[in-house]
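Geometric and topological summary
Letter by letter, the chains look like this.
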Amino acid sequence: MDAFRIQGGRPLRGEISVSGSKNASLPIMVAALLAEGESVLFGAPDLVDVRTLGQLLAHMGAGVRREGRETKIDATRIDKHEAPYDLVRTMRASFLVIGPLLARFGRARVSLPGGCAIGARPVDQHLKALEALGATLHISHGYVEAETKGLCGAEITFDFPTVGGTENLMIAASLAKGQTVLNNAACEPEIVDLALALGEMGVRIEGAGTERLVVHGTDKVRPYRHQVVCDRIEFGTFLVAGALAGEPLTILGGVADHQAALVDKLKKSGADIAIDGPRATVTRAGAIRPVDLRTAPYPGFPTDMQAQLMALMTVADGVSVITETIFENRFMHVPELNRLGADIRVDGGKAVVHGVKTLSGSTVMATDLRASAGLVLAGLVAEGETVVRRIYHLDRGYEHLADKLIAVGANIQRFRE
Ligand code: EPZ
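Since the structure is predicted, the reported quantities are computational estimates derived from the model, not experimental observations. (Residues numbered from 1 in each chain as written. Predicted model: local features only at pLDDT ≥ 70, side-chain atom pairs only at ≥ 80, totals over all residues. Heavy atoms only, no water.)

**Things to note about the overall build of the chain**
What counts is decided by this rule: Think of it this way: any DSSP run of H or I at least four residues long counts as a helix, any run of E at least two long counts as a strand, and we number them from the N terminus. Within these notes, the globule rule equals 2.2 Å times the number of residues to the 0.38 power, and the radius of gyration is based on C-alpha atoms. Classification of residues uses two cut-offs on accessible area relative to the type maximum, computed with a 1.4 Å probe and protein chains only: under 20% is buried, over 50% is exposed, and between them is partly exposed. Between two residues, a contact is recorded if the distance between any of their heavy atoms is within 4.5 Å. Only the protein chains shown count as cover for residues, and all accessible areas are computed by the Shrake-Rupley method using a 1.4 Å probe. Neither His nor the chain ends is counted toward charge; the positive residues are Lys and Arg and the negative residues Asp and Glu. Here the site of a charge means atom NZ of a Lys, CZ of an Arg, CG of an Asp or CD of a Glu.
In terms of regular secondary structure, the chain is built from 14 helices and 24 strands. Compactness check: the chain gives a C-alpha radius of gyration of 21 Å against a globular reference of 22 Å for 417 residues, within 12% of the reference. Judged by the C-alpha coordinates and their principal axes, the chain covers about 65 × 45 × 40 Å. Looking at the chain as a whole, 56% of its 417 residues are labelled buried. When contacts within the chain are restricted to residue pairs at least 6 apart in sequence, those whose partners lie at least 24 apart make up 73%. Carbon and sulfur atoms make up 49% of the accessible area of the chain, which amounts to about 16000 Å² in all. Averaging the positions of the 45 positive and the 48 negative side-chain charges in the chain gives two centres separated by 1 Å.

In structure tokens:
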């Protein structure tokens, strides 16, 4: 397994750019299954998760090619309506194929994802909503076996805003008969981007980015040509890197509005952030002040930025309280940050962070994607050498992270253990 060796304490200076969004690319790639012909997605990041989804689509019979920054998916011939356990277990977004398979072919056999490091992550909201559209579901041997004689539009109210559930239903409802209303829908920028891609396929969607979405089903869909939105979590991770060590660090290609909650917290923590369209310049200005935060669905503070902001708070001048409300087990970075000299105590869904003057390099283990990013950020400011093990998690979600950080002054070496 690969690991990073980081020599901390180097300032980050210069320009760093943001890649296309992983979490927008995945559902948009799945949406290609709706139409015969070749869809083209521009700017999907070259990441393990994107490749895994490409493998799943190819397993089902789609032609999947990557040419430079273009990902081409020809879904004309789909001969397997199944997503096997190994592909869904390694990447939960694979579960999304159930929507388009049902909508286009009337049947699907898709493995239940199972739990993952950050929580149980059930798919009950997806299933309840697909049933409302007229799917018959049967769970057997760990698989959801679904069939329908034709999906019909319905009014669905999610128990809470679920990103994947909203995406799955938007895709399925695109080919349903009539109109589907999704209440209490997720509002994330990835949802808006999916709605744009579906719009390019000929599906009319109203309300994307609000809590009430209306999908007008159609039987005439065509492939899309779509430029994926930039990755707001990568953007946010670089903003935190700038707040920790920017002298100054300019981030190119992010959408500041997509990280408004984070920008607000970073400014309160004392970071100086100047936004000029797609350029955000961050300077660390004096001592880091403690800020409290509570994760929430968009536009609240993103759970996917919680570990990174916690890394910043470990060296703040005071005590901050970080409350995680989305996933029940998303503090696995805490003991690892404590190995670097942080002083964090977890009490249920709350982490109380007592800022320390400096972190000291050590060996830590990455446990999930965003936790790993938090550890890398901590390693950038820790005294001496930090080794972050199991960085395959990072390879799933950050395109060329080490190279990008090295280009702005970080000292990071990738090596095989
Ligand atoms: C998406 O996961 C993202 N993944 C996650 O990013 C992100 O953390 C999450 O949204 C929240 O923003 C992708 O987009 C591929 P949810 P998703 O359905 O869709 C519970 C990363 O690091 N729930 O909004 O799975 C669920 O357990 C990843 O890039 C149910 O109980 O998130 C969780 O507690 C990690 N039943 C909460 O809802 C359901 O049927 C929110 O999950 C569905 C969800």
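**Here's the deal with the pattern of salt bridges**
What counts here: Whenever a carboxyl oxygen of Asp or Glu lies within 4 Å of a side-chain nitrogen of Lys or Arg, that contact is scored as a salt bridge.
Under the criterion given, the structure shown has 26 salt bridges. A salt bridge links arginine 65 to glutamate 67; the nearest nitrogen and oxygen atoms lie 2.5 Å apart. Arginine 65 gets classed as partly exposed once you look at its relative accessible area, which sits at 40%. Put simply, lysine 72 and glutamate 67 hold a salt bridge, and the shortest N to O gap is 2.9 Å. Taken together, the shared-partner salt bridges in this structure form one network comprising Glu38, Arg65, Glu67, Glu70 and Lys72.

**Section: the domain arrangement of the chain**
In many analyses, interface size is given as the accessible surface area lost on bringing the parts together. What counts is decided by this rule: Note that domain bounds follow an automatic or database assignment of domains. Put simply, buried area is the surface a 1.4 Å probe can reach on two separate parts but cannot reach once they are joined, added for both.
Here the chain is partitioned into domain 1 (2-19 + 231-416) and domain 2 (22-227). On a C-alpha basis, the centroid separation for the pair domain 1 and domain 2 is 31 Å. Of the residues lining the interface, 21 residues belong to domain 1; the matching set on domain 2 comes to 20 residues. Taken together, both faces of the contact between domain 1 and domain 2 bury some 1700 Å²; the carbon and sulfur share is 54%. Considering only the surface of domain 1 that becomes buried against domain 2, Tyr298, Arg396 and Glu399 emerge as the three largest contributors, covering 36% of it. At the junction of domain 1 with domain 2, the criterion picks out three salt bridges.

**What to know about the sheet that holds strand 8 (residues 136-140)**
So the rule is basically this: Strands are labelled as partners when DSSP assigns at least two bridges between them. Lines fitted to the C-alpha atoms define the axes, with helices restricted to the stretch that makes contact. Angles between their N-to-C directions range from 0 to 180 degrees.
Taken together, four strands build an open sheet; the order of strands is 6-7-9-8 and the sheet is mixed. If you trace the sheet from one side to the other, it starts and ends with strand 6 (82-83) and strand 8, each paired once. Sheet strands in contact with helix 4 (residues 98-105) are strand 6, strand 7 (107-111) and strand 9 (143-147), and its direction is about 165° off that of strand 7.

**A short note on the side chain of threonine 166**
Residue placement: threonine 166 occurs in helix 6 (residues 163-174). In this structure threonine 166 comes out as buried when scored by relative accessible area, which is 0%. What threonine 166 contacts, discounting residues up to four positions off in sequence, is Phe158, Leu182, Ala185, Ala186, Ile191 and Leu213.

**A closer look at the nonpolar core**
We apply this condition: Here, the term nonpolar core denotes a set of buried Ala, Val, Leu, Ile, Met, Phe, Trp, Tyr and Cys residues that are joined through side-chain atoms within 4.5 Å.
Core analysis: the largest hydrophobic core is formed by 71 residues, its most contacted members being Leu57, Val97, Ile98, Met170 and Leu198. Per element, the largest residue contribution to this core is six residues, and it comes from helix 1 (residues 22-31). Membership of the second largest hydrophobic core comes to 66 residues, among which are Ile6, Leu249, Ala342 and Leu375.

**Let's talk about the site of the ligand**
How we decide: One heavy atom suffices: a residue is near a molecule or strand as soon as one of its heavy atoms comes within 4 Å of it. Nitrogen and oxygen atoms within 3.5 Å of one another constitute a polar contact, given that in protein one can donate a hydrogen and the other can accept it, and given that sequence-neighbouring residues count only through two side-chain atoms.
Neighbouring residues of the ligand: 20 residues in total, closest Asp124, Gln125, Thr162, Asp304 and Ile326. Residue threonine 162 places a side-chain N or O atom 2.7 Å away from an oxygen atom belonging to the ligand. Interatomic distance of 3.4 Å between a side-chain N/O atom of arginine 330 and an oxygen atom of the ligand. Calculation on the ligand without its partners gives an accessible area of 830 Å², and the protein chains cover 85% of this total.

**Comments concerning the side chain of lysine 22**
With respect to the helices and strands, the residue lysine 22 is situated in helix 1. Side-chain polar atoms of lysine 22 contact the side chain of asparagine 23, separated by 2.8 Å. Beyond its immediate stretch of four places on either side in the chain, lysine 22 contacts Pro45, Leu47, Asp49, Asp231, Leu369, Arg370, Arg396 and Gly397.

**Here's the deal with the environment of serine 39**
Here serine 39 is to be found in strand 3 (residues 38-42). For the pair serine 39 and arginine 225, spaced 186 residues apart in the sequence, the C-alpha separation amounts to 5.9 Å. The residues touching serine 39, leaving out its near neighbours within four places in the chain, are Ala32, Thr71, Lys72, Ile73, Met201, Pro223 and Tyr224. Within the structure, serine 39 has its side chain in polar contact with the backbone nitrogen of tyrosine 224 (distance 3.1 Å).

**Remarks on the packing of helix 8 (residues 232-245) against helix 12 (residues 369-381)**
Definition in use: Roughly parallel means an angle under 35 degrees; roughly antiparallel means over 145; roughly perpendicular covers 65 to 115; every other angle is labelled oblique. In this scheme the crossing of two helices becomes right-handed for a clockwise turn of the near helix relative to the far one and left-handed for an anticlockwise turn of less than a right angle. Just so you know the grouping, Ala, Val, Leu, Ile, Met, Phe, Trp, Tyr, Cys and Pro go in nonpolar, Asp, Glu, Lys and Arg go in charged, and all remaining residues, Gly too, go in polar.
Between helix 8 and helix 12, the least distance of the axes is 10 Å, while the angle of their chain directions is 20°. By the angle class used here, helix 8 and helix 12 are roughly parallel. Note on packing geometry: the crossing formed by helix 8 with helix 12 is right-handed. Residues Ile233, Thr237, Val240, Ala241, Leu244 and Ala245 of helix 8 pack against Arg370, Ala373, Leu377 and Val381 of helix 12. Looking at the contact of helix 8 with helix 12 residue by residue, the class counts come to eight nonpolar, one polar and one charged.

**Some thoughts on the pairing of strand 16 (residues 272-276)**
Relative to strand 17 (residues 279-283), strand 16 is paired through five bridges, and the arrangement is antiparallel. In the strand pairing of strand 17, alanine 274 is matched with threonine 281.

**Points about helix 2 (residues 48-59)**
Using the following cut-off: Residue count minus one, scaled by 1.5 Å, sets the expected span of a helix.
The first and last C-alpha atoms of helix 2 sit 16 Å apart over twelve residues, in line with the 16 Å expected at 1.5 Å per residue. Of the surrounding elements, those touching the buried residues of helix 2 are helix 1, strand 4 (63-67), strand 5 (70-74), strand 6, helix 3 (85-90) and helix 13 (392-397). Downstream of helix 2 by a residue or two, glycine 61 has a phi angle that is positive, lying close to 115°.

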